[in-house]
Amino acid sequence: MPGRLIFGGVEGGATVSTIILFNGHGEPLAECSGLGTNYWILGKEETCRRIANLIAEVMNIARLPRNTKINSMCLSLSGAEEKSANEALRQVLVEKYPGLCEKYVICSDAVAPIAVAHEDGGVVLIAGTGSNSLLINPNGSKVRCGGWGHILGDEGSAYWISQKAIKVYYDDVDQLSLAPNGFSTEVVWETIKSLYQVENRLDLLKHLYKEMQKSHIAKLCKELAEKAREGDPLCKWLFEEAGKQLAKHVQAVSKGADKKLLSLPGGLPVVCVGSVWKSWSLMKPGFMHQIREHPVPTLQEASLIALKTNVAKGAAYIAAKAVGHSMPRDHSQNYRIFFHFDLNEEDV
């Protein structure tokens, strides 16, 4: 009986996690949020404890009997990229909390956003504190670009924009490399000083090294966005450069896209996740410059999508599919298209 089936989805971030339960008819039963669940940061034991607590809490909200066992649960977690590590996490859950769930599916936090928007796959392009892109084809094959962290990547992310602003200022003062187009670095430096409460470049070094936290550096991005909207040329340039990097991500993964994805109405669907997308108007010129001036044959048309619902819903879809159940859904209600381009037909 579909009404008696229960499927769950978890969107597990590094700082906040959200869980949602559905019955087999696709009707939501309950939703709640809790602590972060990145097992590379917490370790598997603590991550499993937090997941178990989330499940217990959401089941209590749904007023389900204590002995209720969820049929299938998908954990779409930050950092869950390796199959062997994911399997080890699953084993801990099964052994320590045997009564919670009959089946677990564990995947990267980049997977569930696609499932929210399109059943046949698509691209997710994450631009938050860090950045990452993933394409999933209709046959389940995947193509990845980025996601290597702030030392090796994170291009187009809040951290990347912030670090680039700081680097441009230091190089300009040192006369190592002048700011692009002769732009003044005054606004950028005053913004840095105000946010981090420093008076000189030496004072800032403790934030960059001794007390370095990726999210702390990334906070600068929001302040720079405000200055860009006020018209500061260097800040506007920073976001245009970020737009170029994010376009490169889409171009890269599109090279492995199935023709079925590329020929969807609206072109390749790109689910855009993360706070940096709030500054799309600032990034759009750079994004389209990269698309137009450095085109790739596989990316002639695409639609940029913003989700209107929780990513945990996509994880629940995956959970149901894992046990052969097609949970009723209307993908079109889960997102909106905020930008579309077609190089063959439009002057965008």
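A brief report on the enclosed structure follows. (Residues numbered from 1 in each chain as written. Predicted model: local features only at pLDDT ≥ 70, side-chain atom pairs only at ≥ 80, totals over all residues. Heavy atoms only, no water.)

## Some points on the overall build of the protein chain
- The helix and strand tally for the protein chain stands at 13 helices and eleven strands.
- Dimensions along the principal axes, computed over C-alpha positions, put the protein chain at roughly 70 × 50 × 35 Å.
- Put simply, the protein chain has 348 residues, and 50% of those count as buried.
- For the protein chain, long-range pairs separated by at least 24 residues make up 71% of all intrachain contacts whose partners lie at least 6 apart in sequence.
- Counting only carbon and sulfur atoms, one obtains 49% of the accessible surface of the protein chain, whose full area is about 16,400 Å².
- Here the protein chain carries 38 positive and 38 negative side-chain charges, and the mean point of each set is 6 Å from the other. (Helix = DSSP H or I, 4+ residues; strand = E, 2+ residues; numbered from the N terminus. Buried < 20%, exposed > 50% of the residue type's maximum accessible area, 1.4 Å probe, protein only. Contact = heavy atoms within 4.5 Å. Areas by Shrake-Rupley, 256 points an atom, 1.4 Å probe, with all protein chains shown as cover. Lys, Arg positive; Asp, Glu negative; His and termini not counted. Charge placed at Lys NZ, Arg CZ, Asp CG, Glu CD.)

## Notes on unusual backbone geometry
- You will see that arginine 63, though not glycine, has its phi angle at about 60°, which is positive.
- Note that arginine 63 resides in the loop between α2 (44–61) and β4 (72–77).
- For arginine 63, a relative accessible area of 76% corresponds to the exposed category.
- Its identity as a non-glycine residue notwithstanding, asparagine 181 has a phi of 60°, on the positive side.
- Looking at where asparagine 181 falls in the secondary structure, it is placed in the loop between α6 (158–174) and α7 (186–196).

## Describing the side chain of asparagine 86
- Among the structural elements, asparagine 86 can be located in helix α3 (residues 83–96).
- Only 2.6 Å separates the side chain of asparagine 86 from the side chain of tyrosine 39, close enough to count as a polar contact.
- Those residues in contact with asparagine 86 that lie beyond four places of it in its chain are Tyr39, Ala80, Glu81, Ile106 and Cys107. (Polar contact = N/O pair within 3.5 Å; in protein donor to acceptor, adjacent residues only side chain to side chain.)

## Description of the packing of α6 against helix α8 (residues 201–208)
- Contact geometry of α6 with α8 gives a least axis separation of 13 Å together with a crossing angle of 150°. For the element pair α6 / α8, the angle class is roughly antiparallel. Handedness of the crossing formed by α6 with α8: left-handed. Residues Ile166, Tyr169, Tyr170, Val173 and Asp174 of α6 form the contact with α8, whose participating residues are Arg201, Leu204, Leu205 and Leu208.
- Its residues assigned to classes, the contact of α6 with α8 shows seven nonpolar, no polar and two charged. (Axes fitted to C-alpha atoms, helices over the stretch in contact; angles between N-to-C directions. Parallel < 35°, antiparallel > 145°, perpendicular 65-115°, else oblique. Left-handed = near helix turned anticlockwise from the far one by under 90°. Nonpolar A, V, L, I, M, F, W, Y, C, P; charged D, E, K, R; others polar.)

## A look at the sheet that holds strand β3 (residues 28–35)
- Strand order in this open sheet of five strands is β3-β2-β1-β4-β5, and the pairing throughout is mixed. Only two strands of the sheet have a single neighbouring strand rather than two, namely β3 and β5 (104–108). With strand direction ignored, the average angle separating the axes of adjacent strands in the sheet is 15°.
- Its contacts with the sheet place α2 against β2 (16–23), β3, β4 and β5, and it is angled at close to 145° to β3.
- Of the strands in this sheet, β4 and β5 are in contact with α3, which crosses β5 at around 145°. (Pairing = 2+ DSSP bridges.)

## A look at the sheet that holds strand β7 (residues 131–136)
- Spatially, six strands are ordered β8-β7-β6-β9-β10-β11 in an open sheet, and the strand pairing comes out mixed. Each having just a single partner strand, β8 (142–146) and β11 (335–342) make up the two edges of the open sheet. Taken over all neighbouring pairs, the strand axes of this sheet differ in orientation by 20° on average, direction set aside.
- Two strands pair when backbone bridges link them, and strand β9 (residues 268–273) and strand β10 (residues 301–307) are joined in this way by four bridges, in the parallel orientation. Bridge pairing links valine 271 to isoleucine 305 in β10.
- On top of the sheet, helix α12 (residues 280–293) reaches β10 and β11; it is set at about 35° to β11, its chief contact.

## Structural notes on the nonpolar core
- Core analysis: the biggest nonpolar cluster contains 57 residues, and Ile161, Leu224, Phe239, Leu268, Val270, Trp277 and Phe287 have the highest contact counts within it.
- Broken down by element, the residue count for this core peaks at ten residues, all from helix α10 (residues 233–254).
- Those residues in contact with tryptophan 277, other than ones at most four positions away along the chain, are Leu125, Ala127, Leu246, Cys272, Met283, Leu304 and Phe338.
- Formed by 27 residues, the second largest nonpolar core is a distinct cluster that contains Ala30, Cys48, Leu54 and Leu75. (Core = buried A, V, L, I, M, F, W, Y, C linked by side-chain atoms within 4.5 Å.)

## Focus on the pattern of salt bridges
- Evaluated as defined, the whole model comprises twelve salt bridges.
- In this structure, lysine 96 and glutamate 45 form a salt bridge, with 3.7 Å as the shortest nitrogen-oxygen distance. Pair noted here: lysine 96 is in helix α3 and glutamate 45 is in helix α2, with a separation of 51 residues, a long-range link.
- The partly exposed category is assigned to lysine 96, whose relative accessible area is 47%.
- Classification of glutamate 45 by relative accessible area gives partly exposed; the value is 46%.
- For arginine 90, the salt bridge identified is with glutamate 87, shortest N-O distance 2.8 Å. Here the residue arginine 90 and the residue glutamate 87 both occupy positions in helix α3, the gap between them amounting to three residues, near one helical turn.
- Connected through shared salt-bridge partners, Glu46, Arg49 and Arg50 make up one network. (Salt bridge = Lys/Arg side-chain N within 4 Å of Asp/Glu carboxyl O.)

## Points about the side chain of serine 108
- Here serine 108 lies in strand β5.
- Look at serine 108 and you get buried, because its relative accessible area is 6%.
- Residue contacts for serine 108: discarding those within four places in its chain leaves Ser76, Leu77, Ala80 and Glu81.

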